Amino acid sequence: MSGATSRSFPLGKLSDAGVRALLDGLRTVGDEVRDAAYDPDTGALTVELTGAHAAAEVERFVAAMRQSLRFVNRKILKENRAQKLVNDPIDEQLRACGDLQFLGEGLTGLRGRALALFRFFEREAKAIADAFAAEDNHYPVMIPNDLLAEMGYFGHFPQHVTFCCHLPDSLPVLEAVAAESKQPKLHGLPRLEGRLDPPAHVLTPGVCLPCYVQQRDAVLAEGEVRTLTMQNHVFRYEANNFRPLARGWDFTVRDIVFFGGRQDVEERRAAVMERAFALCQELDLDVTLELANDPFFLDASRDKAVYQRMGEVKYELLFHLPQRPDPLAASSFNLHRDYYTAIFNTRLANGERAESACMGFGLERWLYGFLSQKGLDPANWPKRVTEALG
């Protein structure tokens, strides 16, 4: 295998939003891409590759993404500029504060003041769900492969999936594993290659996914808008793009999901966005509510990025980080149209297909965005937060 190399790509008039989406996609590739950087002065994208063998594939990927993203223009629905920002080196401070426990790539534990602040945003997201009388649901963190396949997830976002597997129900294998784990030279980690059963489940990549199958063959009453909420751990593999709190392999999301007619669902999505934005105003957060698209689509799925923009089916709440040039998406507000309801035959009383929408609140990202703007010192936090934390 040849050594590391780099390639440069002129991006021309690609918008800032398009550049961000392309960079996010490249950072997810992982094994082929070591780093990617964009120079706004020259309009050039430089990609550092693990070797020349990866160049052709990355060149194909960039060309295809540029084709889709040329239509991506920034559209800001709302904007709030904070009156007070603290430009502290938050990543270094978080690592030193003692409230975060770093268990591995993309795996971060919380305690103390950081956990208390996490719980504050957890309650705020639940309060928004309660304002719509959402029925609370709790689901396992695992989903059968077959169910995820029925939803078409593997065809759109296979790079995020984390499979679950286990040792077979074989006494000789279990005895061998137990014996090996006691050997000092193996430090308790036995050989697993060739011993694991094929995975039949995945760790859920979307907290709302079980609720769509829950509506299989359901018929909504006249004028009904079925409203559900759920909170759970979510697992999305991010290759070399992990960053504590901002991008985790295991993170926490509160979702609010609506099922109903198109106009009803759109109106409720708008109402949730208003409440989320009002919370940001109340907490003096520097944010924008922007038209968005999922940053990484494979092969034929890339045209969905254009569909999302033209149909305005996805908005994101972006926290602006004083320490970094790129904003952080902490919430998304998505119209699914009839994608899931067509799969699971969810219908209105008049026989027409229902539509769905999902609003997501990434709680660790809200925590990180807040701390990036307000710092670790509670003296700089809004009174509403300090009073809630006691």
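Everything quoted here is computed from the prediction, not taken from an experiment.

Novice: Mind laying out the overall build of the protein, listing which residues take part and the relevant values?
Specialist: Within the protein, the secondary structure is distributed over 13 helices and 16 strands. What you see for the protein is a C-alpha radius of gyration of 22 Å, in line with the 21 Å of a compact globule of 390 residues. Within the protein, buried positions represent 49% of all 390 residues. Restricting the contact set of the protein to residue pairs at least 6 apart, pairs at least 24 apart contribute 73%. A total accessible area of about 18,600 Å² is found for the protein, and carbon and sulfur atoms account for 51% of it. Here the protein contributes 45 positively and 54 negatively charged side chains, and the mean placements of these two sets differ by 2 Å.

Novice: Give a detailed account of empty space enclosed by the protein, specifying residues and quantitative values.
Specialist: Enumeration according to the criterion identifies 1 cavity of 30 Å³ or more in this entry. Its volume calculated, the largest cavity comes out at about 50 Å³. Surrounding the largest cavity, Phe-121, Glu-124, Ala-125, Ile-128, Leu-279, Phe-361, Leu-363 and Trp-366 form its lining. Counting only elements with at least two residues in the lining of the largest cavity, the list comes to α4 (112-131) and α12 (363-374). In terms of residues, the lining of the largest cavity owes the most to one element, α4, which gives 4 residues. Along the lines of polarity and charge, the residues of the lining of the largest cavity split into 7 nonpolar, no polar and 1 charged.

Novice: Any details on the packing of aromatic side chains? Residues and values, ideally.
Specialist: For the structure shown, the criterion picks out 16 aromatic pairs. For the ring pair Phe-121 and Phe-370, a centre distance of 5.7 Å and an interplane angle of 65° mean the geometry is edge-to-face. In this pair, Phe-121 sits in helix α4 while Phe-370 sits in helix α12, placing the two residues 249 residues apart along the sequence. Taking the relative accessible area as the measure of exposure, Phe-121 reaches 2% and is therefore buried. Between Phe-319 and Trp-366, the ring centres sit 5.2 Å apart and the planes meet at 75°, which makes this aromatic pair edge-to-face.

Novice: Go over α4 with me, naming the residues and quoting the values.
Specialist: Between its first and last C-alpha atoms α4 spans 29 Å; for 20 residues at 1.5 Å apiece the expected length is 28 Å, and the two agree. Those residues of α4 that fall on the buried side of the exposure criterion are Ala-114, Leu-117, Phe-118, Phe-120, Phe-121, Glu-122, Glu-124, Ala-125, Ile-128 and Ala-129. Looking one or two residues past α4, Ala-133 carries a phi angle of roughly 55°, positive in sign.

Novice: Now, about the pattern of salt bridges: what can you tell me, with residues and values included?
Specialist: Under the definition given, this model contains 19 salt bridges. The closest approach of N and O atoms between Arg-195 and Glu-180, which form a salt bridge, is 2.7 Å. Of this pair, Arg-195 sits in the loop between α7 (171-181) and β10 (201-203) while Glu-180 sits in helix α7, placing them 15 residues apart in sequence. Residue classification places Glu-180 among the buried positions, given a relative accessible area of 17%. Here Lys-383 makes a salt bridge to Glu-387, at a shortest N to O gap of 3.7 Å. Residue Lys-383 and its partner Glu-387 are both found in helix α13 (residues 383-389); the two are separated by 4 residues, about one turn of the helix. Residue Lys-383 is classed as exposed on the basis of its relative accessible area, which comes to 61%. Beyond isolated ion pairs, a larger network of salt bridges with shared partners links Arg-262, Glu-266, Arg-337 and Glu-355.

Novice: Account for the side chain of Ser-332, naming residues and giving values.
Specialist: Relative to the elements of secondary structure, Ser-332 occurs in strand β15 (residues 328-337). For Ser-332, a relative accessible area of 17% corresponds to the buried category. Engagement of the side chain of Ser-332 in a polar contact is seen with the side chain of Asn-334, the distance being 3.1 Å. Excluding anything up to four places from it in sequence, Ser-332 contacts Lys-314, Tyr-315, Glu-316, Cys-358, Met-359 and Gly-360.

Each value, and the rule that gives it
- Residues numbered from 1 in each chain as written.
- Predicted model: local features only at pLDDT ≥ 70, side-chain atom pairs only at ≥ 80, totals over all residues.
- Heavy atoms only, no water.
- Helix = DSSP H or I, 4+ residues; strand = E, 2+ residues; numbered from the N terminus.
- Rg over C-alpha atoms; globule rule 2.2 N^0.38 Å.
- Buried < 20%, exposed > 50% of the residue type's maximum accessible area, 1.4 Å probe, protein only.
- Contact = heavy atoms within 4.5 Å.
- Areas by Shrake-Rupley, 256 points an atom, 1.4 Å probe, with all protein chains shown as cover.
- Lys, Arg positive; Asp, Glu negative; His and termini not counted.
- Charge placed at Lys NZ, Arg CZ, Asp CG, Glu CD.
- 1 Å grid on protein atoms, 1.4 Å probe; cavity = no way out; pocket = protein on both sides within 12 Å on 5 of 7 lines; lining within 4 Å.
- Points joined across faces, edges and corners; volume = space filled by probe spheres on them.
- Nonpolar A, V, L, I, M, F, W, Y, C, P; charged D, E, K, R; others polar.
- Phe/Tyr/Trp six-rings, centres within 6.5 Å; stacked < 30°, edge-to-face > 60°.
- Expected span 1.5 Å × (residues − 1).
- Salt bridge = Lys/Arg side-chain N within 4 Å of Asp/Glu carboxyl O.
- Polar contact = N/O pair within 3.5 Å; in protein donor to acceptor, adjacent residues only side chain to side chain.

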